[in-house]
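As a plain string of letters, each chain reads:
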Amino acid sequence: MPRYFTDEHEWIDVDGVTATVGITDYAQGQLGDIVFVELPAIGTNLDKGGDAAVVESVKAASDVYAPISGKVTEANSDLEEDPALVNTDPEEGGWFFKMTVGDASELEGLMDEAGYKAFVDGL
Amino acid sequence: MRYLPLTDTDRGEMLGRIGVSSIDELFVDVPAEARLDGPIAGLPMHMSEMAVERHMRALSNKNLSAGDAPFFIGAGAYRHHIPASVDHIIQRGEFLTSYTPYQPEIAQGTLQMLFEFQTQVARLYGCAVANASLYDGSTACWEAVAMAARITRRKKAVLSGALHPHYAEVVRTMAKFTGDEIADAEPAIQPTPDNDGLIARIDENTSCVVVQYPDILGRIADLSEIAEAAHANGALLVVVNTEPVALGAIKSPGELGADIVVGEGQSIGVGLQFGGPYLGLFAVRDPKHVRQMPGRLCGETVDAEGKRGFVLTLSTREQHIRREKATSNICTNSGLCALAFNVHMTLLGEKGLRQLAAENHRLACLAADRLAQVPGVRVLNQSFFNEFTLMVGQDARAAVHRLAEKGVLGGVSLGRLYPGVDRLAEGLLVAVTETTTEGDIEALASALEEVLA
Amino acid sequence: MSAPNASGWKPEMTVASQDGLHSGPVTATGNRALMLEEPLLFEIGRADVTGVDLPEPAAGAPNRLGGLDRAEPIGLLGLTEPETVRHYTRLSRQNYAIDLGLFPLGSCTMKHNPRLNEKVARMPGFADVHPLQPQETVRGAYEVINELAEWLIRLTGMHGVAMSPKAGAHGELCGILCIRAALEARGDAREVILVPESAHGTNPATAAFAGYRVEDIPATAEGRVDLEALKARLGPDVAAVMITNPNTCGLFESEMKEISDAVHAAGGFVYCDGANFNAIVGKVRPGDLGVDAMHINLHKTFSTPHGGGGPGSGPVVLSEALSPFGPLPFTARTADGVVHLVEEEGAEKFGHTQAFGRMAAFHGQMGMFTRALTYILSHGADGLKQVAEDAVLNANYILRSLEDLLDAPFGASGPCMHEALFSDAGFGGDLSTLDLAKSLIDEGFHPMTMYFPLVVHGAMLVEPTETESKASLDQFIGAFRSVAERAKAGDERMKQAPYYAPRRRLDETLAARKPKLAWSDDAEG
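Residues numbered from 1 in each chain as written. Chains lettered and ligands numbered in written order. Predicted model: local features only at pLDDT ≥ 70, side-chain atom pairs only at ≥ 80, totals over all residues.

Caption draft 1: Main features of the overall build of chain C. A count of helices and strands for chain C gives 14 helices and 12 strands. Taken over the C-alpha trace, chain C has a radius of gyration of 26 Å; the compact-globule value for 525 residues is 24 Å, and the two agree within 12%. For chain C, the C-alpha atoms occupy an extent of roughly 80 × 75 × 45 Å along the three principal directions. The burial tally for chain C puts 59% of its 525 residues in the buried class. The contacts in chain C between residues at least 6 apart in sequence include a share of 74% that link residues at least 24 apart. (Helix = DSSP H or I, 4+ residues; strand = E, 2+ residues; numbered from the N terminus. Rg over C-alpha atoms; globule rule 2.2 N^0.38 Å. Buried ≥ 20, exposed ≤ 12 C-beta atoms within 10 Å, placed from the backbone. Contact = placed C-beta atoms within 7 Å.)

Caption draft 2: Representation of the overall build of chain B. The helix and strand tally for chain B stands at 14 helices and 13 strands. The globule rule puts the C-alpha radius of gyration for 453 residues at 22 Å, and the 25 Å found for chain B is close to it. The dimensions of chain B, computed from C-alpha atoms along their principal axes, are 80 × 55 × 45 Å. For chain B, the proportion of its 453 residues judged to be buried stands at 64%. Taking contacts inside chain B between residues at least 6 apart in sequence as the whole, the part at least 24 apart equals 73%.

Caption draft 3: Fine view of the environment of B:Ala304. Among the secondary structure elements, B:Ala304 is positioned in the loop between strand 8 (297-302) and strand 9 (308-313). Taking the C-beta count within 10 Å as the criterion, B:Ala304 has 14 such neighbours and is therefore assigned partly exposed. Remark: the alpha-carbon pair of B:Ala304 and B:Pro70, spanning 234 residues in sequence, is separated by 57 Å. Dropping the residues within four chain positions of it, B:Ala304 is found in contact with C:Gln496, C:Arg504 and C:Arg505.

Caption draft 4: Structural view of the sheet that holds strand 11 (residues 449-450) of chain C. All names here are of chain C. Reading across the sheet, the 3 strands line up as 10-12-11 and stay open at both edges, with antiparallel pairing between neighbours. On the outer flanks of this sheet lie strand 10 (420-422) and strand 11, each paired with one strand and no other. Sheet topology places strand 10 next to strand 12 (residues 460-462); 3 bridges connect them, and they run antiparallel. Within the sheet, the bridge partner assigned to Phe422 lies in strand 12 and is Met460. (Pairing = 2+ DSSP bridges.)

Caption draft 5: Inspection of the UniProt feature "domain: Aminotransferase class V" (unreviewed entry) in chain C at higher detail. Within this numbering scheme, the UniProt entry marks residues 190-307 of chain C as carrying the feature "domain: Aminotransferase class V" (unreviewed entry). Along residues 190-307 of chain C, the helical share is 21% and the strand share 21%, with 39 Å between the first and last C-alpha atoms. (UniProt positions renumbered as here; feature names shortened; annotations may be inferred.)

Caption draft 6: Spatial organisation of helix 6 (residues 139-156) of chain C. Residue and element names in this part refer to chain C. In a regular helix each residue adds 1.5 Å, so 18 residues correspond to 26 Å; helix 6 covers 26 Å between its end C-alpha atoms and thus fits that length. Those residues of helix 6 that sit buried are Gly140, Ala141, Tyr142, Val144, Ile145, Leu148, Ala149, Trp151, Leu152, Ile153, Leu155 and Thr156. Positioned one or two residues after helix 6, Gly157 has a phi angle of 65°, which is positive. (Expected span 1.5 Å × (residues − 1).)

Caption draft 7: Geometry of the packing of helix 6 of chain C against helix 11 (residues 366-402) of chain C. All names here are of chain C. Between helix 6 and helix 11, whose axes approach to 10 Å, the crossing angle comes to 55°. Taken together, helix 6 and helix 11 sit at an angle that is classed as oblique. In this structure, the crossing between helix 6 and helix 11 has a hand that is left-handed. Only Met366, Phe369, Thr370, Ala372, Leu373 and Ile376 of helix 11 make contact with helix 6, whose side of the interface consists of Ala141, Val144, Ile145, Glu147, Leu148 and Trp151. (Axes fitted to C-alpha atoms, helices over the stretch in contact; angles between N-to-C directions. Parallel < 35°, antiparallel > 145°, perpendicular 65-115°, else oblique. Left-handed = near helix turned anticlockwise from the far one by under 90°.)

Caption draft 8: Representation of the domain arrangement of chain B within the structure. Residues and elements named next belong to chain B. According to the domain assignment, chain B contains domain 1 (66-83 + 350-452) and domain 2 (84-345). On a C-alpha basis, the centres of domain 1 and domain 2 stand 27 Å from each other. Considering every element that reaches the side of domain 1 that touches domain 2, the biggest residue donor is helix 11 (residues 335-371), with 7 residues. Class assignment of the residues belonging to the side of domain 1 that touches domain 2 gives a composition of 18 nonpolar, 10 polar and 4 charged. (Domains from an automatic or database assignment. Nonpolar A, V, L, I, M, F, W, Y, C, P; charged D, E, K, R; others polar.)

In structure tokens form, the structure reads like this:
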């Protein structure tokens, strides 16, 4: 299952017509202790680059953007009880939401794992 | 100048340290043409404490204070006895002259007080969580409408006709700019609130229904059926209370199905003060709505040694973090008024609040019965707590002024609250609290009889 | 720097005396002499106790509550008066306050609160009058509002004032709504409000609430608005520019008049955030600089007490162009030359028919008006000018007394106004502004404003106000230098400060992850 990355530090796993989205380990490290994640409602139509979720630390709230366009199909309810999952397991158990892949061509502009690592190293 | 500690010698030394020769050099960035050379012309110079006090006392003496007359005015602000210790405590410098508790290690006094206050308000309202207060009841009412729109993602608020007209006007004013649709009406003059009419206005686009309890005419409606109708349409029920003492006698809005409860807390501890500062109360029944709440919240936590302590929390909802995405642009609460409420409510306790409510209701019943005997006067309400509406058979507004000439502050005419609405012109709102004596009631009854004759 | 303490204490005694404190016995109560732990009301109150003597309700008393009697316990607890006084007195002692010492919170203007103001506000003709009393019985209250309005209008060189806004942010909203109403009245739908990056968070929050899109105005390297960049952005879509002057970097916007002229030429309005009015009160009138609307925080410049976070009061003064749209109740000079309070009824008589609505019930924060007017009369035009001068002098004294040790990002831009801005550049280890702030607490001071403005890394904004003596400033400077030196040396102990406050650092992550916002009886322990 291919994983892509955005320059806003989201990751997206694509599995056919659906995808899973979260934020990267680098992003959670920058944010510090996550205290709350506001997830999109199921059925929400997302536009690539538009606001999709909000992740809050004690002193900051950051928007999480949709890596591609599509419709939200599931939100990670574990994050409601335990937002710290984003800190401890950002790229697996701390996923944010699942969505449909509206337009697979939108994936073309995203980075792969090596590309993202180089991107982060350059920051 | 008694408030300015620097002497001219100090100023000279300090200018030397700074490395300039005159104070004007510190204002060099102000363009010369905008800088005033001397004190602004035409304004008085400084005055002694004695002289200022004399001036202000003369202004104060031009007012007829509520304690100096038989007093029956309510309509959103009520005169209650405030124990002397309340004012003593709020004047302690550590409360009076402290700031918003942004450094919690040295603000535990304010924070613990706010935690107690939030708990008292939540319990009084029958809710899970209350915030650390807003400006006043009217602005809290608007914030509730805005919050309901955020939660439901709908933009149509249905206001009861018997919501305080100033509150409705604040909501209408704000909604003009946010694009929310406000469906409202004026109150129907009838013995019971028009629940059916209100329910008929709820539809699938409604974000919330806003009901005052007891309402502007003093009537008390069972809110359960309104709550059911709102919920059936996916809307929230917002209940507004302007007299918290009433909730020592009647069921809490939360018990009756309210989702958001807001109100004016002025009755407990704050005093009349010609309209402000007052105390906006704001609570939600369902804890999952907490993150959509406006205003500050105080929460419990522990310090590095494991001791219990309190902090302002969930502040990412607020303007200083979210900027244009904040839930509200508010950054001040009504801290000292919240303290006054907290202290007064602590002095009352469950027992005292229930006794206070019972005494208010006893005297109000007494007054309603006595005033109903005045020729030409009819009590409108089937139910009430400590305020009811009289129909006086003529323009009540003129009657209020004639009562004032006789030294009686006899209530608020509906004509003042609803200028230009002729069908309400004969209504007179009369409030009775524990500060009202039987002699006051008799004075109002006999003055009213003369005035209406 | 002068010795901070006359009790016989000397710096070399510090280690011994502080170690002595900590090697003392653990107390059974958790108290440390005058530092007293106080339980929550819900742990000491009782349901059947009250501190107010009221009659027991008579059985069979009339009941017209509509069958809605509250049957279940409310869950409130009571204390008698002696217990109440003690509870709150003990709590009060865990607070820092201006009455205890210098409170250098930048942009907050924590000045002394004269006690005459408190006495006046409690006069029965002010404290015990109802906002809906017949007007003829409250003439004095209307006079207070009109007299204060007249002062505010003259001190700012403006035309009218909406007195009802309840705090600064509320006044700011009021001002922006006036601008929108004025634009709509001329059929001009503009969409954008320009706000400097350094602005307080309320500015963009307010603009967004009023339905505008917010765009940043760039700043120059000197920390002021970039006039040329602003001019380039102005156009028919810009409704207003919101500027804080003096700005949040502590600098006067010296090109304010040029900014206003450019905005007006492009058909927009100028909103000035008056949070920092204390620096210029009695010295500069914003109206002379082309400002159309400005809120005045009575709780800052005019010393009404902050009360642990309110109440505030935020009247907004308006230019002649905006005055017709001011909300009711509104105060303006009418054709007879007198300042009048206009309410819904009689608005036509005063020609005030375009009001955009109402900001709040009743007339505004009367209790703050009486205090502010008392303060203003005490100072007079001459005293207010001296207030601004001493406030600016005190801030510059701090700036120049610390800039050899601390980075002052705009120290070379000239004098500051009423607040001095520093950054955490040069701190050792991984120490930050927060650690310096918490160490100041141990030195007996409230910290300065931290991490604001956002445009400066690790910002520290220090506003001493004019009510500090030179001795008080010197003591503060001494303490600040001491903690700054420790920060630069990378003293790791600062990470655990404060050591001597009623609480050590509090776990804000826990508070936010598992919010506990009310007492519950079934709580653990």
